[in-house]
Amino acid sequence: SDFPSLQVIHLTGIEGHKEVRERLSQSGLRSVVMDFCHDMGTVLAAADLVVSRSGGSSLAEFAALKLPSVLCPYPYAIDNHQLANARIFERAGGGMLIEQSQMSGASLSKAVASYLKDPPLMAKTRQALATIHQPRAAEDIFESMARGQTSACASHAEVEEQSVSESITGSDFLPYANHSEGGQ
């Protein structure tokens, strides 16, 4: 391996758990394979890089923890909001986007290696994530609503992507919340 210290923590869901465990075991990579984890804080704290879907809550966690990411949006999410989230996250410098139709072992390896081989890229991404993170988002929305700026709570179906992200956060980040359990 080009990365002898690499350790993979893979959350699979119930389906495919055994197959992924066997394949990673055969690969020689140090790995931990779990079907589910109730303590994502610990898992994310151990990570230097995340490969993930792009639900709004997950991206907010990555921004808060300044975790660079390779994002593969769930293509069947309502209104394709995960793709919109990932595009905005990538545009802001917070991660790389690989659409599921383009996802392969080669494309994923290339994206992961581009981060692991380039510490300045990791640092630049972490800096971008620091600017994306909006720890006062809820307060800002409330204050906007209290001032009568009702656009902060307009339906995303009625407003263009850019104007939603600006009205919610004042930045170019996460226009849509995750609307479904299955998309994260």
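If you're wondering where the values come from, they're calculated on a predicted model, not measured in any experiment. Position labels on residues start from 1 in each chain and follow its written sequence. Per-residue local features of the predicted model are confined to residues with pLDDT of at least 70, and side-chain atom pairs are confined, for both listing and counting, to 80 or more; whole-chain, interface and lining totals are unaffected and use all residues. Excluding hydrogens and water, the side-chain figures rest on all heavy atoms present in the structure.

A word on helix α5 (residues 105–116)
Definition in use: Helix numbers and strand numbers start at the N terminus; a helix is a DSSP run of H or I with at least 4 residues, a strand a run of E with at least 2. The span expected for a helix works out to 1.5 Å for each residue beyond the first. Each residue is assigned to one of three classes by its accessible area relative to the maximum for its type, calculated with a 1.4 Å probe on protein chains only: buried under 20%, partly exposed between the two thresholds, exposed over 50%. The contact definition used throughout considers only heavy atoms, calling two residues in contact when any of these lie within 4.5 Å.
Compared with the 16 Å implied by 1.5 Å per residue over 12 residues, the 16 Å span of α5 between its first and last C-alpha is a close match. Where α5 is concerned, the buried positions are A111, V112, A113 and Y115. At its buried positions, α5 is contacted by β3 (50–52), β4 (69–71), β5 (95–97) and α6 (119–132).

Describing unusual backbone geometry
Backbone geometry at K66 places phi at a positive 55 degrees, although glycine is not the residue there. Even without being a glycine, N80 presents a positive backbone phi close to 55 degrees. Of note, N80 is situated in the loop between β4 and α4 (81–91).

A few points about a nonpolar patch on the surface
Let me state the cut-off plainly: Like-charged residues are merged into a patch within 9 Å and nonpolar side chains (Val, Leu, Ile, Met, Phe, Trp, Tyr) within 5 Å, provided each residue has over 30% relative accessible area and no salt bridge. Residue burial considers only the protein chains on display, and all accessible areas are found by Shrake-Rupley using a 1.4 Å probe. Here a salt bridge means any side-chain nitrogen of Lys or Arg lying within 4 Å of a carboxyl oxygen belonging to Asp or Glu.
On the surface, I9, L11 and V32 cluster together to form a nonpolar patch covering roughly 190 Å² of accessible area. Tracing the backbone through its elements, the reader meets I9 in strand β1 (residues 7–11). For I9, a relative accessible area of 32% corresponds to the partly exposed category.

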